[in-house]
Amino acid sequence: MKTGTRTTGTAVALLALAAALTACADTVPLTPAPGANEVECAAASVRLPNAIGEQTRRWTNAQATGAWGDPTAVTFTCGTDPVASDDKQCVRIGGVDWTVDESRSPQLTLATFGRNPAAEVVVDTTVLSADDVLDRLAVAAQQLPSTGQCTEADVREGANADEGSSS
(Lines give C-alpha, C1' and ligand atoms only; values in the text may rest on other atoms or scores of the structure.)
Protein backbone atom coordinates (compact mmCIF):
# COMPACT_ATOMS: atom_id res chain seq x y z
CA MET A 1 0.00 0.00 0.00
CA LYS A 2 2.88 2.37 0.73
CA THR A 3 4.22 1.82 -2.77
CA GLY A 4 0.91 2.90 -4.33
CA THR A 5 0.82 6.04 -2.19
CA ARG A 6 4.41 6.88 -3.13
CA THR A 7 3.63 6.35 -6.83
CA THR A 8 0.53 8.54 -6.60
CA GLY A 9 2.51 11.26 -4.77
CA THR A 10 5.26 11.12 -7.40
CA ALA A 11 2.71 11.34 -10.23
CA VAL A 12 1.04 14.37 -8.62
CA ALA A 13 4.44 16.06 -8.17
CA LEU A 14 5.36 15.39 -11.81
CA LEU A 15 2.03 16.79 -13.02
CA ALA A 16 2.53 19.92 -10.91
CA LEU A 17 6.05 20.34 -12.31
CA ALA A 18 4.80 19.88 -15.88
CA ALA A 19 2.08 22.49 -15.33
CA ALA A 20 4.61 24.94 -13.90
CA LEU A 21 6.99 24.42 -16.81
CA THR A 22 4.16 24.88 -19.32
CA ALA A 23 3.21 28.19 -17.68
CA CYS A 24 6.84 29.34 -17.90
CA ALA A 25 6.94 28.52 -21.62
CA ASP A 26 4.40 31.29 -22.26
CA THR A 27 6.52 33.91 -20.49
CA VAL A 28 8.20 36.43 -22.78
CA PRO A 29 11.82 37.04 -21.73
CA LEU A 30 12.56 40.77 -21.58
CA THR A 31 15.21 42.89 -19.86
CA PRO A 32 14.02 45.52 -17.39
CA ALA A 33 15.10 49.09 -18.13
CA PRO A 34 17.35 50.92 -15.63
CA GLY A 35 14.40 52.97 -14.31
CA ALA A 36 11.88 50.12 -14.22
CA ASN A 37 11.38 50.55 -10.48
CA GLU A 38 10.21 54.18 -10.78
CA VAL A 39 6.73 54.73 -9.34
CA GLU A 40 5.58 56.22 -12.66
CA CYS A 41 6.44 52.95 -14.41
CA ALA A 42 4.27 51.08 -11.92
CA ALA A 43 1.43 53.49 -12.71
CA ALA A 44 1.97 52.93 -16.45
CA SER A 45 2.26 49.15 -16.12
CA VAL A 46 -1.11 48.72 -14.40
CA ARG A 47 -2.75 50.60 -17.27
CA LEU A 48 -1.38 48.40 -20.07
CA PRO A 49 -4.24 46.92 -22.12
CA ASN A 50 -5.15 43.23 -22.10
CA ALA A 51 -5.21 43.23 -25.89
CA ILE A 52 -3.95 45.32 -28.79
CA GLY A 53 -5.99 44.51 -31.86
CA GLU A 54 -6.21 40.72 -32.00
CA GLN A 55 -2.99 40.33 -29.99
CA THR A 56 -3.52 39.35 -26.35
CA ARG A 57 -1.19 40.29 -23.52
CA ARG A 58 1.35 37.73 -22.32
CA TRP A 59 3.36 37.40 -19.13
CA THR A 60 6.89 38.81 -19.12
CA ASN A 61 9.77 38.11 -16.76
CA ALA A 62 10.82 41.74 -16.25
CA GLN A 63 9.42 44.59 -14.19
CA ALA A 64 7.56 47.41 -15.98
CA THR A 65 7.26 45.53 -19.28
CA GLY A 66 4.46 44.20 -21.44
CA ALA A 67 4.18 41.92 -24.47
CA TRP A 68 1.35 41.09 -26.85
CA GLY A 69 0.89 38.34 -29.43
CA ASP A 70 2.18 34.82 -29.92
CA PRO A 71 4.66 35.13 -31.49
CA THR A 72 5.32 38.47 -29.86
CA ALA A 73 4.21 41.39 -32.05
CA VAL A 74 4.54 44.23 -29.49
CA THR A 75 6.76 44.87 -26.48
CA PHE A 76 6.60 47.76 -24.00
CA THR A 77 9.47 48.67 -21.68
CA CYS A 78 9.17 51.48 -19.12
CA GLY A 79 12.10 53.14 -17.37
CA THR A 80 14.32 53.72 -20.38
CA ASP A 81 16.52 56.80 -20.61
CA PRO A 82 14.72 59.84 -22.00
CA VAL A 83 15.30 60.55 -25.70
CA ALA A 84 17.73 63.49 -25.96
CA SER A 85 16.55 65.02 -29.23
CA ASP A 86 13.70 64.78 -31.68
CA ASP A 87 15.91 64.52 -34.76
CA LYS A 88 13.98 61.39 -35.83
CA GLN A 89 10.44 61.39 -37.12
CA CYS A 90 8.10 62.28 -34.27
CA VAL A 91 4.41 61.46 -33.95
CA ARG A 92 1.86 62.59 -31.40
CA ILE A 93 -0.80 60.00 -30.67
CA GLY A 94 -3.20 60.15 -27.76
CA GLY A 95 -1.41 63.18 -26.34
CA VAL A 96 1.97 61.42 -26.20
CA ASP A 97 4.96 62.27 -28.41
CA TRP A 98 6.96 59.33 -29.76
CA THR A 99 10.14 59.22 -31.85
CA VAL A 100 10.21 56.61 -34.61
CA ASP A 101 13.26 54.48 -35.41
CA GLU A 102 12.77 52.60 -38.69
CA SER A 103 16.30 51.13 -38.84
CA ARG A 104 15.02 47.58 -38.20
CA SER A 105 11.93 47.81 -40.44
CA PRO A 106 9.42 46.15 -40.46
CA GLN A 107 10.13 46.28 -36.70
CA LEU A 108 9.63 49.86 -35.52
CA THR A 109 11.16 51.08 -32.29
CA LEU A 110 9.18 53.94 -30.79
CA ALA A 111 10.31 55.91 -27.74
CA THR A 112 8.37 58.43 -25.73
CA PHE A 113 9.73 61.93 -26.21
CA GLY A 114 9.59 64.51 -23.43
CA ARG A 115 8.74 61.92 -20.76
CA ASN A 116 10.86 61.01 -17.73
CA PRO A 117 11.09 58.14 -17.12
CA ALA A 118 10.67 57.19 -20.75
CA ALA A 119 9.19 54.12 -22.39
CA GLU A 120 10.07 52.16 -25.50
CA VAL A 121 7.74 50.16 -27.71
CA VAL A 122 8.77 47.72 -30.43
CA VAL A 123 6.09 46.89 -33.02
CA ASP A 124 6.13 44.26 -35.75
CA THR A 125 4.34 46.28 -38.43
CA THR A 126 3.63 43.15 -40.48
CA VAL A 127 1.14 42.25 -37.73
CA LEU A 128 -0.14 45.60 -36.38
CA SER A 129 -0.17 49.27 -37.30
CA ALA A 130 2.21 51.29 -35.12
CA ASP A 131 -0.41 54.06 -34.87
CA ASP A 132 -2.99 51.60 -33.52
CA VAL A 133 -0.49 50.23 -30.99
CA LEU A 134 0.47 53.70 -29.75
CA ASP A 135 -3.18 54.67 -29.52
CA ARG A 136 -3.85 51.67 -27.23
CA LEU A 137 -0.75 52.42 -25.12
CA ALA A 138 -1.44 56.16 -24.75
CA VAL A 139 -3.24 55.86 -21.39
CA ALA A 140 -0.26 53.98 -19.93
CA ALA A 141 2.32 56.35 -21.44
CA GLN A 142 0.42 59.39 -20.14
CA GLN A 143 1.37 58.28 -16.61
CA LEU A 144 4.98 59.24 -17.35
CA PRO A 145 5.55 62.91 -16.45
CA SER A 146 5.81 65.22 -19.45
CA THR A 147 8.99 67.30 -19.60
CA GLY A 148 8.62 68.60 -23.16
CA GLN A 149 7.37 67.78 -26.62
CA CYS A 150 8.60 67.44 -30.17
CA THR A 151 8.91 70.58 -32.24
CA GLU A 152 5.73 71.29 -34.18
CA ALA A 153 7.46 70.91 -37.55
CA ASP A 154 8.24 67.28 -36.68
CA VAL A 155 4.88 66.35 -35.20
CA ARG A 156 2.01 64.68 -36.98
CA GLU A 157 -1.18 63.69 -35.24
CA GLY A 158 -1.96 59.99 -35.02
CA ALA A 159 -4.79 58.15 -36.71
CA ASN A 160 -7.16 58.43 -33.72
CA ALA A 161 -6.10 61.86 -32.48
CA ASP A 162 -9.44 63.50 -33.27
CA GLU A 163 -11.54 60.61 -31.98
CA GLY A 164 -14.15 61.80 -29.54
CA SER A 165 -13.82 65.49 -30.45
CA SER A 166 -16.61 67.42 -32.07
CA SER A 167 -16.21 69.93 -34.86
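Residues numbered from 1 in each chain as written. Predicted model: local features only at pLDDT ≥ 70, side-chain atom pairs only at ≥ 80, totals over all residues. Heavy atoms only, no water.

## Comments concerning the confidence of the model for the chain
Averaged over all residues, the pLDDT of the chain equals 83, while 75% of them reach at least 70. Within the model, the stretch residues 3–24 combines pLDDT values under 50 with zero contacts to residues more than four positions away or in other chains. (pLDDT = per-residue confidence, 0-100. Contact = heavy atoms within 4.5 Å.)

## Re helix H3 (residues 130–141)
Within the span of H3, buried status applies to Ala130, Asp131, Val133, Leu134, Leu137, Ala138, Ala140 and Ala141. Down the axis of H3, the sector holding all buried residues measures 160°, keeping them to one side. Measuring from the backbone nitrogen of Asp131 back to the side-chain oxygen at the start of H3 gives 3.2 Å, which picks out Ser129 as the cap. (Buried < 20%, exposed > 50% of the residue type's maximum accessible area, 1.4 Å probe, protein only. Helix = DSSP H or I, 4+ residues; strand = E, 2+ residues; numbered from the N terminus. Arc of directions from axis to C-beta. Polar contact = N/O pair within 3.5 Å; in protein donor to acceptor, adjacent residues only side chain to side chain.)

## Let's talk about the side chain of Asp97
Mapped onto the secondary structure, Asp97 falls in strand S6 (residues 96–104). Within polar-contact distance, the side chain of Asp97 engages the side chain of Arg92 at 2.6 Å. In contact with Asp97, other than residues within four places in its own chain, are Cys90, Val91, Arg92, Ala111, Thr112, Phe113, Gln149 and Cys150.

## What to know about the state of the cysteines
Scanning the model with the defined rule gives two disulfides in all. At a sulfur-sulfur separation of 2.1 Å, the disulfide partner of Cys41 is Cys78. Of note, the bridge from Cys41 to Cys78 carries an S-S torsion of about -80° and is left-handed in sense. Within this pair, whereas Cys41 is found in helix H2 (residues 39–45), its partner Cys78 is found in strand S4 (residues 74–80), the two being separated by 37 residues in sequence. Both residues of the pair, Cys41 and Cys78, count as buried. Across the disulfide, Cys90 is cross-linked to Cys150 (sulfur-sulfur distance 1.8 Å). (Disulfide = S-S within 2.5 Å.)

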